[in-house]
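Structural overview
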Amino acid sequence: MPGERPRAPRGTFDVLPPESERRERLRALCAEVLAGAGYRYVETPVIEHTELFVRGVGEATDIVRKEMFTFADKGGRSLTLRPENTAGICRAYVEHGMHKWPQPVRLWYWGPFFRHEAPQAGRYRQFTQVGAEALGSDDPALDAELILLLREILERAGARHLRLRLASLGSPATRAVYAEELRQYLKQREQLLAPEVRERIDKNPLRAFDSDHPSTRAVMAQAPRLLDRLDADDREHFACVRALLDAVGVEYEVDPTLVRGLDYYTRTVFEFESQALGAQRGVGGGGRYDRLIEELGGPPTAACGWAAGVERILLAAGDQPASESHVDVLVATVDAARAARALTLARELRSLGLRVELGDSRRALRRQLRHADRLGARAAVIVGDDLQLKRLADGSQVAIGGAAEVVEILRTQDPSQVGQEAS
Ligand code: AMP
């Protein structure tokens, strides 16, 4: 549109410094925590065949019914921008025969996801998830491990006022019997239910627990609970998960109404919320999906995992103190003829562990120094006939012999700020 300034599409956003740097730190924290527990990083495509999500996430879910960005490729095949990653990871597990790898296969990911939702604070159309999946074991210790890892990330990221809700959905067979019981219960009270709940009684009656509609909530408060209908194996599995969490001191609430918006879950489900957030307070959640890999054509494979929203973690952590400058030293030159010397010196300083920006040698020295000030650099090295180090805090200037001396002077000036040792 001529004349109109381009804008990012609705529900999407640019991530600029310093926010981008906060995100990088969160990513590094996730990598450290997850790699430290044996989880290995994977990437899967941002586009998948639409069918994968219809089969994997479930036809009756909001995600598949309303929220997918779906388009046809030039050959007329339906593709979808991934709304979540468990289906993609399971597809990759089957496609690459990962059942032959040592089990369980522990994987983690970080990347963009897309849902066509009404944007609001904490809810976007493109957002970032970090996630972990452990495929190939039904050991309740894995459920506990995954919950602990997510909790560690959230706590170390500074997410405030966390609450963990936990439940078990049992097996698909128990769920089917229970769903029928719930359906009958709902049908007998149909006139009290919100229209969208009524519409879904047949397809997905469990979602009625998610409704905010007051009289639906009143009906649901009395509804039969899946947790009371679990079979012996599932009850025992859930008891093990709980005993492990108790043993390591993780606080949680058993919430029999916890329903996650994806159909593939079996047994354990959990969700971390932050009371520091508004309506969109889920920061991350997950659970077991012991049937999904088989449904996607693989061998029967129990698996468990979670995904957390990066934007929501950062929101829940609140404003952080302004970070220090991103450069230590600006290398300035008295004239353009010294550009090569400046380039070399900058490299030497970087190899000694400093963060170094190069001044614009075509500009007057005065302007280069002003630039260094605006960057918040601690010092400028001025390349002329000799080398001068100018401390920006007090404007003092000394002649120096070379790069090593810069590091020495900065370290004695404030040892805490020259932390990065040469590698
Ligand atoms: P889910 O895959 O729905 O279980 O979501 C896992 C986590 O991703 C949620 O707890 C949120 O933190 C985050 N999330 C999901 N949808 C969005 C969205 N539209 N915008 C921002 N974050 C989201």
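Residues numbered from 1 in each chain as written. Predicted model: local features only at pLDDT ≥ 70, side-chain atom pairs only at ≥ 80, totals over all residues. Heavy atoms only, no water.

Some thoughts on the overall build of the chain
A tally of regular secondary structure across the chain gives 14 helices and 16 strands. For the chain, whose C-alpha radius of gyration is 27 Å, the value lies well above the compact-globule estimate of 22 Å for 423 residues. Put simply, the chain has 423 residues, and 49% of those count as buried. A separation threshold of at least 6 residues defines the contact pool for the chain, and within that pool the share at least 24 residues apart is 69%. Computed over 59 positive and 62 negative side-chain charges, the inter-centroid distance for the chain is 4 Å. (Helix = DSSP H or I, 4+ residues; strand = E, 2+ residues; numbered from the N terminus. Rg over C-alpha atoms; globule rule 2.2 N^0.38 Å. Buried < 20%, exposed > 50% of the residue type's maximum accessible area, 1.4 Å probe, protein only. Contact = heavy atoms within 4.5 Å. Lys, Arg positive; Asp, Glu negative; His and termini not counted. Charge placed at Lys NZ, Arg CZ, Asp CG, Glu CD.)

As for the UniProt feature "binding site: L-histidine" (unreviewed entry) in the chain
Under the local residue numbering, the UniProt record ascribes the feature "binding site: L-histidine" (unreviewed entry) to E84, N85, T86, R115, Q129, E133, R260, Y264 and Y265. Looking at where E84 falls in the secondary structure, it is placed in the loop between β4 (78-81) and α4 (86-95). Relative accessible area serves as the criterion here: at 3%, E84 is assigned to the buried category. (UniProt positions renumbered as here; feature names shortened; annotations may be inferred.)

Points about the domain arrangement of the chain
When its domains are assigned, the chain resolves into domain 1 (19-170 + 230-317) and domain 2 (329-417). For domain 1 versus domain 2, the distance between C-alpha centres works out to 47 Å. (Domains from an automatic or database assignment.)

Comments concerning empty space enclosed by the protein
Per the stated rule, a full pass over the model turns up one cavity of 30 Å³ or more. Lining the largest cavity are eleven residues, and of these L169, L206, L226, P256 and L258 sit closest to its centre. Among the residues making up the lining of the largest cavity, the classes are represented as nine nonpolar, two polar and no charged. (1 Å grid on protein atoms, 1.4 Å probe; cavity = no way out; pocket = protein on both sides within 12 Å on 5 of 7 lines; lining within 4 Å. Points joined across faces, edges and corners; volume = space filled by probe spheres on them. Nonpolar A, V, L, I, M, F, W, Y, C, P; charged D, E, K, R; others polar.)

Quick notes on the nonpolar core
Nonpolar side chains tend toward joint burial in soluble globular proteins. If you look at the biggest cluster of nonpolar residues, it comprises 88 residues, and the most contacted ones within it are L26, L34, V130, L135 and W306. In terms of residues, this core owes the most to one element, helix α5 (residues 140-156), which gives eight residues. Setting aside its immediate chain neighbours within four residues, L135 contacts I89, C90, Y93, Q103, P104, V105, L107, Y289, I293, T301, A302 and A303. (Core = buried A, V, L, I, M, F, W, Y, C linked by side-chain atoms within 4.5 Å.)

Notes on a positive patch on the surface
Residues R366, R367, R370 and R374 make up a contiguous surface patch of positive charge. Mapping R367 onto the fold places it in helix α13 (residues 365-375). In this structure R367 comes out as partly exposed when scored by relative accessible area, which is 41%. (Patch = residues over 30% accessible without salt bridge, like charges linked within 9 Å, V, L, I, M, F, W, Y side chains within 5 Å. Areas by Shrake-Rupley, 256 points an atom, 1.4 Å probe, with all protein chains shown as cover. Salt bridge = Lys/Arg side-chain N within 4 Å of Asp/Glu carboxyl O.)

A short note on the packing of helix α1 (residues 19-35) against helix α11 (residues 310-317)
Following both chains from N to C, one finds α1 and α11 inclined at 105 degrees, their axes separated by 11 Å at the closest point. Between α1 and α11, the angle is such that the two are roughly perpendicular. Contacts between α1 and α11 involve E19, R22, R23 and L26 on the former and, on the latter, V310, E311, I313, L314 and A317. For the contact of α1 with α11, the class distribution of residues is five nonpolar, no polar and four charged. (Axes fitted to C-alpha atoms, helices over the stretch in contact; angles between N-to-C directions. Parallel < 35°, antiparallel > 145°, perpendicular 65-115°, else oblique.)

What to know about the packing of α5 against helix α9 (residues 232-247)
At a minimum axis distance of 8 Å, the contact between α5 and α9 shows a crossing angle of 45 degrees. Taken together, the axes of α5 and α9 lie oblique to each other. The hand of the α5/α9 crossing is right-handed. Facing P140, A141, D143, A144 and I147 of α5, the residues of α9 in contact are H237, C240, V241, L244 and L245. Per-class residue counts for the contact of α5 with α9 are eight nonpolar, one polar and one charged. (Left-handed = near helix turned anticlockwise from the far one by under 90°.)

A word on the environment of E408
Looking at the secondary structure, you find E408 in helix α14 (residues 403-413). A residue is classified by how much of its surface remains accessible, and E408, at 47% relative accessible area, is partly exposed. On a C-alpha basis, the gap between E408 and V383 in space is 18 Å, while along the polypeptide they are 25 residues apart.

Some words on the packing of aromatic side chains
Across all of its chains, the model carries six aromatic pairs by this definition. Between F13 and Y124 the ring centres are 5.0 Å apart and the planes differ by 65 degrees, which places this aromatic pair in the edge-to-face class. One end of the pair, F13, is in the segment before α1; the other, Y124, is in the loop between β5 (105-114) and β6 (126-135), and 111 residues separate them in sequence. Feature note: the residues Y109, F113 and F127 constitute an aromatic cluster, connected by ring pairs. (Phe/Tyr/Trp six-rings, centres within 6.5 Å; stacked < 30°, edge-to-face > 60°.)

Digging into the sheet that holds strand β16 (residues 397-400)
The strands that make up a sheet pair up through hydrogen bonds in the backbone, lying either parallel or antiparallel. Taken in spatial order, the five strands of this open sheet run β13-β12-β14-β15-β16, and their pairing is mixed. The open sheet terminates on both sides in strands that have one partner only, identified here as β13 (356-358) and β16. Each strand axis lies, on average, 25 degrees off the axis of its neighbour in the sheet, ignoring direction. Relative to β13, strand β12 (residues 329-333) runs parallel, the two being bridged by three bridges. Residue pairing across strands places V329 opposite V356, the latter belonging to β13. Taken strand by strand, helix α12 (residues 339-351) contacts β12, β13, β14 (379-383) and β15 (387-391), and its axis lies near 170 degrees from that of β13. (Pairing = 2+ DSSP bridges.)

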